[in-house]
Amino acid sequence: MINFQQFVQLLVNGISLGSIYALMALGYTMVYGIVQLINFAHGDVLMIGAYIGWFTITKLHWSFIPALLISMLGSAILGVVIERIAYKPLRNASRIAALITAIGVSLFLEYGGMLLFGPQVRTYPPVLPETMYNIAGVSFKYGDVVMLVTSVILMVLLEFVVKYTKVGKGMRAVSLDKDAALLMGINVNNTISATFAIGSGLAAAAGVLFGVYFNQIDPLMGIMPGLKAFIAAVLGGIGLIPGAMAGGVILGLIETLVSGLGASMWRDGAAFLILILVLIIKPNGIFGKNVREKV
């Protein structure tokens, strides 16, 4: 059994990890909400973002914030390129065709990254101070605070963009009815590209935070975080931004608690068990609602 201090410590660690999952889940849920596509290449965009951050920190000797911004910009451009080349031609095709294409793009990025960066694991540089804080027996690093604050700021900015900007209003209109949005003068192609750009930028931010959190990266690092972010999106209610945030944090907490109880080998299994239970008990997720379809 764990005592109260250990439990609070696990909660702190779980929130830090969950904030990374939440950023990734936001990208999944945005793309699904707009084009009804599960972008399984999303986890590999995280990997590219992590490597861009690694390069800017180790080779250009930039600090954390500039590296994070460059990583997000580079991955946003990559997201638009992927959407225009791989997904746009299949926009009116069957869902299975788009899904297979997403898997193909994922494999291309993984082994393209292996060819470009090499297969070896690289150590992420200690870009943040190693300062430790101790409050009532609960320890956390300066990096944990930065990760949490960064994630919250990005989530708040996303919420602002979606609710109060022209691009965000266009996204909401396209998600409701693509054809009607087109008739109202909304550029659907640009709106979808903007969605991929924002989602990929968030994935890149998660990639940099992932590298800082685990101190290492490799070309296949995006597979498991990508799957877990998908689980987080489904858990919260895929297509819903608040659901993606909540699902990511909840999944991070559950994983950390499972590890803290001495079952670290089962942490991945626990995540997939959650996916199975959600699909059986509440397929629409925690915040999802049942929607009637006319036939």
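Residues numbered from 1 in each chain as written. Predicted model: local features only at pLDDT ≥ 70, side-chain atom pairs only at ≥ 80, totals over all residues. Heavy atoms only, no water.

Okay, the pairing of strand S2 (residues 132-135) next. In this sheet, strand S3 (residues 138-141) lies alongside S2 in antiparallel orientation, the contact comprising four bridges. Pairing of Met 132 across the sheet is with Lys 141, part of S3. Linking S2 back to S3 in an antiparallel pair, the connection comprises two residues, with Ala 136 at a positive phi of about 55°. (Pairing = 2+ DSSP bridges. Helix = DSSP H or I, 4+ residues; strand = E, 2+ residues; numbered from the N terminus.)

A cluster of nonpolar residues, Phe 55, Leu 60, Trp 62, Ile 70, Leu 73, Ile 77, Val 81 and Ile 85, forms a patch on the protein surface that exposes about 740 Å² of accessible area. For the nonpolar patch, the element with the highest residue contribution is helix H3 (residues 64-87), accounting for five residues. Looking at the element boundaries, Leu 73 is found in helix H3. (Patch = residues over 30% accessible without salt bridge, like charges linked within 9 Å, V, L, I, M, F, W, Y side chains within 5 Å. Areas by Shrake-Rupley, 256 points an atom, 1.4 Å probe, with all protein chains shown as cover. Salt bridge = Lys/Arg side-chain N within 4 Å of Asp/Glu carboxyl O.)

To continue, consider the packing of aromatic side chains. A full pass over the atoms with the stated rule returns seven aromatic pairs. Taking 4.8 Å as the distance between ring centres and 75° as the angle between the ring planes, the aromatic pair formed by Tyr 213 and Phe 214 counts as edge-to-face. Linked through ring pairs, Tyr 28, Phe 40 and Phe 230 together constitute an aromatic cluster. (Phe/Tyr/Trp six-rings, centres within 6.5 Å; stacked < 30°, edge-to-face > 60°.)

Before going further, it helps to examine the side chain of His 42. In this fold, His 42 is placed in helix H2 (residues 42-58). Residue contacts for His 42: discarding those within four places in its chain leaves Met 24, Gly 27, Tyr 28, Gly 199, Ser 200 and Ala 203. (Contact = heavy atoms within 4.5 Å.)

Leu 23, Leu 26, Phe 64 and Tyr 87 are the most contacted members of the largest nonpolar core, which has 74 residues in total. Those residues in contact with Leu 26 that lie beyond four places of it in its chain are Met 155, Leu 158, Leu 202, Ile 241, Ala 244 and Met 245. (Core = buried A, V, L, I, M, F, W, Y, C linked by side-chain atoms within 4.5 Å. Buried < 20%, exposed > 50% of the residue type's maximum accessible area, 1.4 Å probe, protein only.)

Here the second largest pocket is characterised by a volume of approximately 320 Å³. Taken together, 16 residues make up the lining of the second largest pocket; nearest its centre are Val 162, Arg 172, Ser 175, Gly 239 and Ile 241. Elements with a minimum of two residues in the lining of the second largest pocket: helix H1 (4-35), helix H5 (142-164), helix H6 (166-176) and helix H10 (241-260). When its residues are assigned to classes, the lining of the second largest pocket shows eight nonpolar, five polar and three charged. (1 Å grid on protein atoms, 1.4 Å probe; cavity = no way out; pocket = protein on both sides within 12 Å on 5 of 7 lines; lining within 4 Å. Points joined across faces, edges and corners; volume = space filled by probe spheres on them. Nonpolar A, V, L, I, M, F, W, Y, C, P; charged D, E, K, R; others polar.)

Orientation of helix H9 (residues 223-236) relative to helix H11 (residues 267-281), taken along the N-to-C sense of each, is 35°, at an axis distance of 10 Å. Helix-helix and strand crossings are classified by hand; for H9 and H11 the assignment is left-handed. Contacts between H9 and H11 involve Met 224, Leu 227, Lys 228, Ile 231, Val 234 and Leu 235 from the former and Arg 267, Asp 268, Ala 271, Phe 272, Ile 274, Leu 275, Val 278 and Leu 279 from the latter. Counted by class, the contact of H9 with H11 contains 11 nonpolar, no polar and three charged residues. (Axes fitted to C-alpha atoms, helices over the stretch in contact; angles between N-to-C directions. Left-handed = near helix turned anticlockwise from the far one by under 90°.)

Another aspect to go through is the side chain of Ser 193. On the secondary structure map, Ser 193 appears in helix H8 (residues 188-214). In this structure, Ser 193 is in contact with Val 80, Glu 83 and Arg 84, ignoring residues within four places of it in sequence.

Glancing now at the environment of Leu 68. Secondary-structure assignment places Leu 68 in helix H3. Linking Leu 68 and Val 208, residues 140 residues apart in sequence, is a C-alpha distance of 6.6 Å. Sequence-distant contacts of Leu 68, defined by excluding residues within four places in its chain, comprise Thr 150, Ala 205 and Val 208.

Distances and angles like these do not, on their own, reveal function.
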